[in-house]
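Commentary on secondary and tertiary structure
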Amino acid sequence: MNEICTQFGTERHLCGTLTLPGATPPAPVGVLLFNAGVIHRIGPHRINVKLARHLASLGIASLRFDLSGQGDSRASSSPAPYREQAVADLRAAMDQFERMTGVQRFAVFGICSGADHGWACAQQDERLVGLFMLDGYAYPTRKTRWLLYQRKFEERGWRSSLGWAVQRAADLPARLLGRSDAPDTSDGRETPPAADFARATQALVDRGVDIVMLYSGSLLNTYNYPEQFQDVFGHHPFAQRIRCEFRPDIDHTVTPLAAQHETLRLVGDWTRALASRVQALPQRNAA
């Protein structure tokens, strides 16, 4: 394994670490690893570092880097909005990756907002052929909310829950006027409407993008049972071609060592299978 620090981007403002396998050429798919929220490029509990080195042991190169204005990367002088800048940074990372290794196709492992950025970038750049989204966009159903309320009742106990239910009934007029105290299911993120998500994701799948959506046990207000994705999107063709799992044994920041080991296994096996499929594709023409 070899690790190389690199600066890139139109202003050379982005900082990253390229992790290469040993003496053998890297697999035909490279993996991009970057910030989860505002966490440095090492990832929560250094999961990106551990994943990069695990991938290298499988013959797969990766680039972990900081988005503009985060970690060791300087802010860009561009006036682009946050999401647009993140997509531009991802595309710059692919450019640098290709210059340094010759790898022409890429996958993203993204957590939370990182998953969102990867999904947005895949819509703009066909070099991105794989998305592994940990706690990406989630669309609650009635069952999601019912299970959430059920859990809250169990946590509070029936006596406390009865008082809460009485208060909820008293607050009903305010809720009908839009001042609801229902459990927040946004996680502070701007989630696209389900119809927009379905339309864009169908286009990605039709293009051949391999997508894994893994939901942890930490965000039970947005995703809390195994069949939820199918309940929302099962009538769309893409839903049968996406691997979607609910894993309550893995938390949002991959804290326990057992969860880290399982995440490394899942991402490593998926990337290795993706690389095998990409191996049969023709080389892209240089831009």
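Small disclaimer: the values here were computed from a predicted structure and weren't measured.

**A word on the pairing of strand S1 (residues 2–8)**
Two elements, S1 and strand S2 (residues 14–20), share seven bridges in a ladder whose sense is antiparallel. For Thr 6, the partnering residue across the bridge sits in S2 and is Gly 16. Linking S1 back to S2 in an antiparallel pair, the connection comprises five residues, with Gly 9 at a positive phi of about 100 degrees.

**What about helix H7 (residues 194–207)?**
The end-to-end C-alpha separation of H7 is 20 Å, in line with the 20 Å expected for 14 residues at 1.5 Å each. If you follow the buried residues of H7, they end up packed against helix H3 (113–122), strand S6 (128–134), strand S7 (210–216) and helix H8 (228–233). Downstream of H7 by a residue or two, Gly 208 has a phi angle that is positive, lying close to 105 degrees.

**Structural notes on the packing of aromatic side chains**
Under the counting rule described, the total for this entry stands at 16 aromatic pairs. Both rings, one in Tyr 223 and one in Phe 246, keep their centres 6.0 Å apart while their planes meet at 40 degrees; by these two values the pair is tilted. Separated by 23 residues along the polypeptide, Tyr 223 in the loop between S7 and H8 and Phe 246 in strand S8 (residues 243–247) bring together distant segments of the chain. Given the relative accessible area of 2%, Tyr 223 is considered buried.

**Topic: the layout of surface pockets**
For the largest pocket, the calculated volume is near 250 Å³. Arg 105, Val 129, Arg 207, Gly 208 and Leu 281 are, among the 13 residues lining the largest pocket, the residues nearest its centre. Of all the secondary-structure elements, those providing two or more residues to the lining of the largest pocket are S6 and helix H9 (257–279). With three residues, H9 is the largest single contributor of residues to the lining of the largest pocket. For the lining of the largest pocket, the residue count by class is six nonpolar, one polar and six charged. In this structure, the second largest pocket encloses a volume near 200 Å³.

**So, the environment of Ala 115**
Relative to the helices and strands, Ala 115 resides in helix H3. In this structure Ala 115 comes out as buried when scored by relative accessible area, which is 1%. Measuring from C-alpha to C-alpha, the distance between Ala 115 and Met 213 comes to 9.1 Å, with 98 residues separating the pair along the chain. Residues in contact with Ala 115, not counting those within four places in the same chain, are Gly 110, Met 133, Leu 134 and Gly 136.

**Quick look at the pairing of strand S3 (residues 29–33)**
S3 sits mainly inside the fold: five of its five residues count as buried. Burial along S3 is two-sided: Val 29, Val 31 and Leu 33 and Gly 30 and Leu 32, pointing in opposite directions, are all buried. Alignment of S3 against strand S5 (residues 105–111), held across five bridges, turns out to be parallel. Looking at S5, one finds that Val 31 is bridged to Ala 107. Inspection of the sheet shows S3 paired to strand S4 (residues 62–65) by three bridges, in the parallel sense. Directly across from Val 31, in S4, lies its bridge partner Ser 62. Between S3 and its parallel partner S4, the chain crosses via helix H1 (residues 47–57), and the hand of that crossover is right-handed.

What counts, and where the lines are drawn
Residues numbered from 1 in each chain as written. Predicted model: local features only at pLDDT ≥ 70, side-chain atom pairs only at ≥ 80, totals over all residues. Heavy atoms only, no water. Pairing = 2+ DSSP bridges. Helix = DSSP H or I, 4+ residues; strand = E, 2+ residues; numbered from the N terminus. Expected span 1.5 Å × (residues − 1). Contact = heavy atoms within 4.5 Å. Phe/Tyr/Trp six-rings, centres within 6.5 Å; stacked < 30°, edge-to-face > 60°. Buried < 20%, exposed > 50% of the residue type's maximum accessible area, 1.4 Å probe, protein only. 1 Å grid on protein atoms, 1.4 Å probe; cavity = no way out; pocket = protein on both sides within 12 Å on 5 of 7 lines; lining within 4 Å. Points joined across faces, edges and corners; volume = space filled by probe spheres on them. Nonpolar A, V, L, I, M, F, W, Y, C, P; charged D, E, K, R; others polar. Right-handed = clockwise from strand over helix to strand, strands pointing away.

Geometric descriptors of this kind do not, in isolation, establish any biological role.
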